[in-house]
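Residue-level listing of the chains:
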Amino acid sequence: MQISVTQFTAASQFARLAACVAILWLSPALDPARAAPEIGKAAPVLVVTELDGETFNLANLRGKVVLVNYWATWCAPCRKDMPKLDAFYRRYHLQDLAIIGISVDRQSDLKKVRKVTASLAYPVAMLKDIAADGFGPPDGVPITWIIDADGKVRDRMIDVRDELLNELVVPLLPH
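Computed from a prediction, not measured in an experiment: that's the story for all the values here.

What counts, and where the lines are drawn
- Residues numbered from 1 in each chain as written.
- Predicted model: local features only at pLDDT ≥ 70, side-chain atom pairs only at ≥ 80, totals over all residues.
- Heavy atoms only, no water.
- Helix = DSSP H or I, 4+ residues; strand = E, 2+ residues; numbered from the N terminus.
- Buried < 20%, exposed > 50% of the residue type's maximum accessible area, 1.4 Å probe, protein only.
- Arc of directions from axis to C-beta.
- Contact = heavy atoms within 4.5 Å.
- Polar contact = N/O pair within 3.5 Å; in protein donor to acceptor, adjacent residues only side chain to side chain.

Let's talk about unusual backbone geometry
A cis amide bond, omega 0°, links Val141 with the succeeding residue Pro142. Along the chain, Pro142 turns up in the loop between β5 (124-133) and β6 (143-147). A positive phi angle is found at Asp96, which is not glycine, with a value near 65°. Along the polypeptide, Asp96 turns up in the loop between α2 (76-92) and β4 (97-103). With a relative accessible area of 31%, Asp96 lands in the partly exposed category.

Here's what the structure looks like:
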């Protein structure tokens, strides 16, 4: 059996492409800084400049339950979650609840992000303004990570529902 140069080149290109895909697919596992947080483990580092210029540092919020919500203006489920998160924050922020909303929108959409979040009581930041990020880029939006008062990742929500907030977050708050 004889292999032509064209067949060899096509097979070689396919092998290179397959290797690249495998590397990209495995890269979060190989680079812990890019891997998603593990439930039951210590929360990763997160330092981000909020839209108002303040610094949000997850490590400084020990003793509080923290929700880290990744969202986008173009994401309909995200926009549906935001009023629920805002109402939940307004109800429980005096009971040591903190929330940070992190928009994955492009910098060119900053004006739209500001407009969408103008009425929110909790702080918002842009993904590009993260200085230290152990969470890595989200696989999709919306996603909300739940961090307990001891700084441990307790769960994540893809859909923010009142039942989930009451079941997963409220019991973590001091009573």
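That covers the picture; the talk isn't over yet.
Things to note about helix α3 (residues 110-117)
Turning to α3, its buried residues number three or more, namely Leu110, Val113, Val116 and Thr117. For α3, the angular spread of the buried residues around the axis is 125°, confining them to a single face. Along α3, exposed side chains directed more than 90 degrees from the buried face belong to Lys111 and Lys115. Residues of α3 that are buried sit in contact with β3 (65-71), α2, β4 and β5.

Some words on the environment of Asn57
Following the sequence through the fold, Asn57 ends up in strand β2 (residues 55-57). Along the backbone, Asn57 and Leu46 are 11 residues apart, and their C-alpha atoms lie at a distance of 5.9 Å. Filtering out sequence-adjacent residues up to four positions away, Asn57 remains in contact with Leu46 and Val47. Polar side-chain contacts of Asn57 include one of 3.0 Å to the backbone nitrogen of Ala59.

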